[in-house]
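Understanding the architecture of this molecule
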Number of protein chains: 2
Amino acid sequence: CISQDIDHILETQSALAVDLGGTNLRVAIVSMKGKILKKYTQANPKTYEERIKLILQMCNEAFNDAVRLNCRILGVGVSTGGRVNPQEGVVLHSTKLIQEWSSVDIRTPISDALHLPVWVDNDGNCAALAERKFGHGKGVENFVTVITGTGIGGGIVQHNELIHGSTFCAAELGHIMVSMDGPECMCGSRGCIEAYASGMALQREAKKLHDEDSLITEGLSVKNEEPVSAIHLINAAHLGNTKADAILRTAGTALGVGIVNILHMVNPSLVILSGVLASFYEGPVQQVINQRALTSARSIRVVSSDLEEPALLGAASMVLDYTTRRTY
Amino acid sequence: CISQDIDHILETQSALAVDLGGTNLRVAIVSMKGKILKKYTQANPKTYEERIKLILQMCNEAFNDAVRLNCRILGVGVSTGGRVNPQEGVVLHSTKLIQEWSSVDIRTPISDALHLPVWVDNDGNCAALAERKFGHGKGVENFVTVITGTGIGGGIVQHNELIHGSTFCAAELGHIMVSMDGPECMCGSRGCIEAYASGMALQREAKKLHDEDSLITEGLSVKNEEPVSAIHLINAAHLGNTKADAILRTAGTALGVGIVNILHMVNPSLVILSGVLASFYEGPVQQVINQRALTSARSIRVVSSDLEEPALLGAASMVLDYTTRRTY
Ligand SMILES: [Ca+2]
Ligand SMILES: [Ca+2]
Ligand SMILES: [Zn+2]
Ligand SMILES: [Zn+2]
């Protein structure tokens, strides 16, 4: 039966996905249907040489495993922090979250080593691609993804396609400023939503509170060696710590105001929040939209992503979409 | 000679352009080449009925004059404040700058009275269309126009076309917020660039200064009946008034930060400033971009518009472009 044959082809056609984050370097084998068949995680090395070496090593291992799993690898998709020129497969510039990662051609070494086509885009854009293919963005003409993780990133889909802009700097949503002064940001500016609402920013505030002995609240303890994190701040606020609560309110307002700015600029019909803090921010963001967006822009849906691994799935989708595209 | 015939046709093919602003209602006869052949100005009435009546009256007068000027009017283009659904020719919603101007079908009454096709879009979008056809935006794939007049408006051109968004609320650039609190805005929110940097905002600040006797500076006088305006503030600052200077610096920073937010979202290659305050803001905006934009987004050009009448020319261009378009 033909349809069974097609199913079988779709099941065996796969992509290698690479995700380069501030902390980890990950590789996965992803099937055409968006299933992650195997995943590899290592700490992201601090130098360019070690990083490239480890990428190739992990890709090779994954490729060999894929053969054993009877997966046909069609290509490699790379999701990375920083500004990316996807036409050239080059990382133009990164913040300090990933060191030695500016003006880096990632396509050539991977393509040379694996003899496969390679696609590269930034993590926020990959997350948007993942939503378009596998998530809430399926069939939605205009939507935006905002990822609140260690930093804040995002992607804008307009007329079903990513916006990259004239210098590949579109959808740098973490660096929308909601204050003319405000806290310093990794990018060198101030008042960016990343400096208010990212995991990094909340951790900075949690540490400050902890240093002045204001974090610990009845019911909350931080063990001696345990690193203080955003989660402690959220838990402290839940337990009635008013200082923690005030910090989180400011963070929610900052993110909400940043997202209203997005609505007033590109006016999508859907905002998808993803990253570890997505469900925490869903309520505050909706509230700020109700209070501060223009009437005509309020009818937007705000949802949290259902995808486990938006960056990896988006990286894979660049490969998988290419191979099934009808027009070029 | 055929080319002379074509020239003659192009010279006589014209549009009626209507511009509905917070203060004035204007109509013009505009030739295919962007020449304003005749212009009519009245105060914009405060009620819906009077406004529609006056629009029709002025359009009729202009239409009759056009016949005498040997102009063939191909249609009517309307530029208006507020959110517009250009497909339906309806003003969805306006701020208080234009009263009784929400859920208004402008197309039907004009089209019924003049028996001509009618196009409608908001003033910021029209200004962008004017730049695309007659100004700095000619041949530029991705650019943004920001108009600093009484309010602040704008238009975003991506891949040579205006972005309207899912609810016709894209490019509401005046309501980009650069502060979580900040001064109140006409839209009901706070900290919008319109509330910091528009003519209206500067007038508000100038009045405050004048009320506390801090506006008048050596060399500057305000006559008794003369309304205090942004121009007084600018002149005072030039003459060494430090309070006036501080207000204008904040305004320039606010506008600059708002424009950096635009760069980080849609990353155009060109920003065109227009409106009465354009040349005043060109320097401060460029400075904020140099200080606060991501490295990859800094290579943008910021220019002031050369067009005398962006709103009228843009309104006309909707008519003129339609009649010469090759695809529909
Ligand atoms: Ca992005
Ligand atoms: Ca607009
Ligand atoms: Zn930043
Ligand atoms: Zn506003």
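Residues numbered from 1 in each chain as written. Chains lettered and ligands numbered in written order. Predicted model: local features only at pLDDT ≥ 70, side-chain atom pairs only at ≥ 80, totals over all residues. Heavy atoms only, no water.

1. Considerations on the overall build of chain A
Note the cut-off: Only DSSP runs of H or I covering at least 4 residues are called helices, and only runs of E covering at least 2 are called strands; the numbering of each starts at the N terminus. A radius of gyration in this sense is built from C-alpha atoms; the matching globule rule multiplies 2.2 Å by the number of residues raised to 0.38. Only protein chains enter the area calculation, which uses a 1.4 Å probe; residues under 20% of their type maximum are buried, those over 50% are exposed, and those in between are partly exposed. We call two residues in contact when some of their heavy atoms are within 4.5 Å.
When you go through chain A residue by residue, the secondary structure sums to ten helices and 13 strands. Against the globule reference of 20 Å for 328 residues, chain A gives a C-alpha radius of gyration of 20 Å, in line with a compact fold. Each of the three principal axes of chain A carries a C-alpha extent, and together these read 60 × 50 × 40 Å. Out of the 328 residues in chain A, the part that is buried amounts to 58%. Look at the contacts in chain A between residues 6 or more apart in sequence, and 60% of them connect residues 24 or more apart.

2. Remarks on the packing of helix H4 (residues 123–134) of chain A against helix H10 (residues 310–324) of chain A
All names here are of chain A. What counts here: Note on method: axes are straight lines fitted to C-alpha atoms, helices fitted across the in-contact stretch only, with angles between N-to-C directions ranging 0 to 180 degrees. With respect to orientation, any angle under 35 degrees is reported as roughly parallel, any angle over 145 as roughly antiparallel, any angle of 65 to 115 as roughly perpendicular, and every other angle as oblique. Should the near helix be turned anticlockwise from the far one by less than a right angle, the crossing is termed left-handed; should it be turned clockwise, right-handed. Each residue receives one of three labels: charged for Asp, Glu, Lys and Arg, nonpolar for Ala, Val, Leu, Ile, Met, Phe, Trp, Tyr, Cys and Pro, and polar for the others, Gly being one of them.
Axis separation between H4 and H10 bottoms out at 7 Å; the angle between their running directions is 70°. If you check the angle between H4 and H10, you find them roughly perpendicular. Of the two possible hands of crossing, H4 and H10 adopt the one that is left-handed. The residues of H10 that touch H4, namely those facing Cys 126, Ala 127, Leu 129, Ala 130, Arg 132, Lys 133 and Phe 134, are Pro 310, Ala 311, Leu 313, Gly 314, Ala 315, Ser 317, Met 318, Leu 320 and Asp 321. Grouping the amino acids of the contact of H4 with H10 by side-chain chemistry returns eleven nonpolar, two polar and three charged.

3. What to know about the coordination of the calcium ion (ligand 1)
Around a metal, the ideal angle is 109.5 degrees if four donors adopt a tetrahedral arrangement and 90 or 180 degrees if six donors adopt an octahedral arrangement. Residue and element names in this part refer to chain A. Short version of the rule: Listed donors are limited to N, O and S atoms within 2.8 Å of the metal, widened to 3.2 Å for Na, K and Ca; water is not among them, so incomplete-looking sites are possible.
The coordination sphere of the calcium ion (ligand 1), as far as protein atoms go, consists of Asn 122 (OD1), Asn 122 (ND2), Asn 125 (OD1), Gly 154 (O) and Ala 171 (O), spread over 2.4 to 3.1 Å. In the primary structure, the donors to the calcium ion (ligand 1) are separated according to the pattern N-x2-N-x28-G-x16-A. Remark: Gly 154 occurs in strand S10 (residues 152–158) and Asn 125 occurs in helix H4; sequence separation between them is 29 residues.

4. Some details on unusual backbone geometry
Residues other than glycine seldom take positive phi values, yet Asn70(A) does so here, at roughly 65°. Checked against the element boundaries, Asn70(A) lands in the loop between helix H2 (48–68) and strand S4 (72–80). Backbone geometry at Ser103(B) places phi at a positive 55°, although glycine is not the residue there. Within the fold, Ser103(B) resides in the loop between strand S6 (90–93) and strand S7 (104–105).

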